[in-house]
Amino acid sequence: MELAILAKDLDDAEEQLSEALALARGRLELESTARTIALVRSVRTARGEDTSWIKGLEDQLLAAAARIAPPKGA
């Protein structure tokens, strides 16, 4: 998903998002990817690029992460 975002390929990024959501084993995986794409988004926003599509993907990752229970003892 991160590579698709770097390549500015929305269709592939959305496809990879579906895979990530289906295969995620825990919150950390989703939150980590969301942080990485937030960094990409911030750089592109500073350049004046439209990043709303990246924000949408990031929001979906964070929403999915929030639905996963934290590990026991955390």
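Residues numbered from 1 in each chain as written. Predicted model: local features only at pLDDT ≥ 70, side-chain atom pairs only at ≥ 80, totals over all residues. Heavy atoms only, no water.

1. Looking at the overall build of the protein chain
In terms of helices and strands, the protein chain carries four helices and zero strands. Written out in order from the N terminus, the α and β elements of the protein chain read α-α-α-α. The C-alpha extent of the protein chain, read off along each of the three principal axes, is 45 × 25 × 15 Å. Taking all 74 residues of the protein chain together, the buried fraction comes to 28%. When contacts within the protein chain are restricted to residue pairs at least 6 apart in sequence, those whose partners lie at least 24 apart make up 66%. (Helix = DSSP H or I, 4+ residues; strand = E, 2+ residues; numbered from the N terminus. Buried < 20%, exposed > 50% of the residue type's maximum accessible area, 1.4 Å probe, protein only. Contact = heavy atoms within 4.5 Å.)

2. Overview of the packing of helix α2 (residues 10–23) against helix α4 (residues 52–67)
For the pair α2 and α4, interaxial distance at closest approach is 11 Å and the crossing angle is 5°. With respect to α4, the axis of α2 lies roughly parallel. Contact residues: Leu-10, Ala-13, Glu-14, Leu-17 and Leu-21 in α2; Trp-53, Leu-57, Gln-60, Leu-61 and Ala-64 in α4. Along the lines of polarity and charge, the residues of the contact of α2 with α4 split into eight nonpolar, one polar and one charged. (Axes fitted to C-alpha atoms, helices over the stretch in contact; angles between N-to-C directions. Parallel < 35°, antiparallel > 145°, perpendicular 65-115°, else oblique. Nonpolar A, V, L, I, M, F, W, Y, C, P; charged D, E, K, R; others polar.)

3. As for the side chain of Thr-33
Structurally, the position occupied by Thr-33 is in helix α3 (residues 27–46). For Thr-33, the side chain forms a polar contact with the main-chain oxygen of Glu-29, separated by 3.1 Å. If we skip the residues at most four places from it in the chain, Thr-33 touches Met-1, Glu-2 and Leu-61. (Polar contact = N/O pair within 3.5 Å; in protein donor to acceptor, adjacent residues only side chain to side chain.)

4. Re the nonpolar core
Within the largest apolar cluster, 15 residues are counted, with the highest numbers of intra-cluster contacts made by Met-1, Ile-5, Ala-13, Ile-37, Trp-53, Leu-57 and Leu-61. For this core, the elements supplying multiple residues, two or more each, are α1 (2–6), α2, α3 and α4. If you tally residues by element for this core, the top one is α4, at six residues. The contacts of Trp-53, once residues within four sequence positions are left out, are Ile-5, Lys-8, Asp-9, Leu-10, Ala-13 and Arg-44. (Core = buried A, V, L, I, M, F, W, Y, C linked by side-chain atoms within 4.5 Å.)

5. Notes on α4
Along its 16 residues, α4 runs 23 Å from first to last C-alpha, staying within 8% of the 22 Å computed at 1.5 Å per residue. The elements touched by buried residues of α4 are α1, α2 and α3. (Expected span 1.5 Å × (residues − 1).)

6. Here's the deal with the confidence of the model for the protein chain
Detailed reading of the predicted model is not advised wherever pLDDT is low. Confidence along the protein chain averages 93 in pLDDT terms, with 96% of residues attaining 70 or more. Averaged pLDDT values over the elements of the protein chain bottom out at 95 in α2 and peak at 97 in α1. (pLDDT = per-residue confidence, 0-100.)

7. Considering unusual backbone geometry
Non-glycine residue Lys-8 carries a positive phi angle of around 60°. Turning to its location among the elements, Lys-8 is positioned in the loop between α1 and α2.

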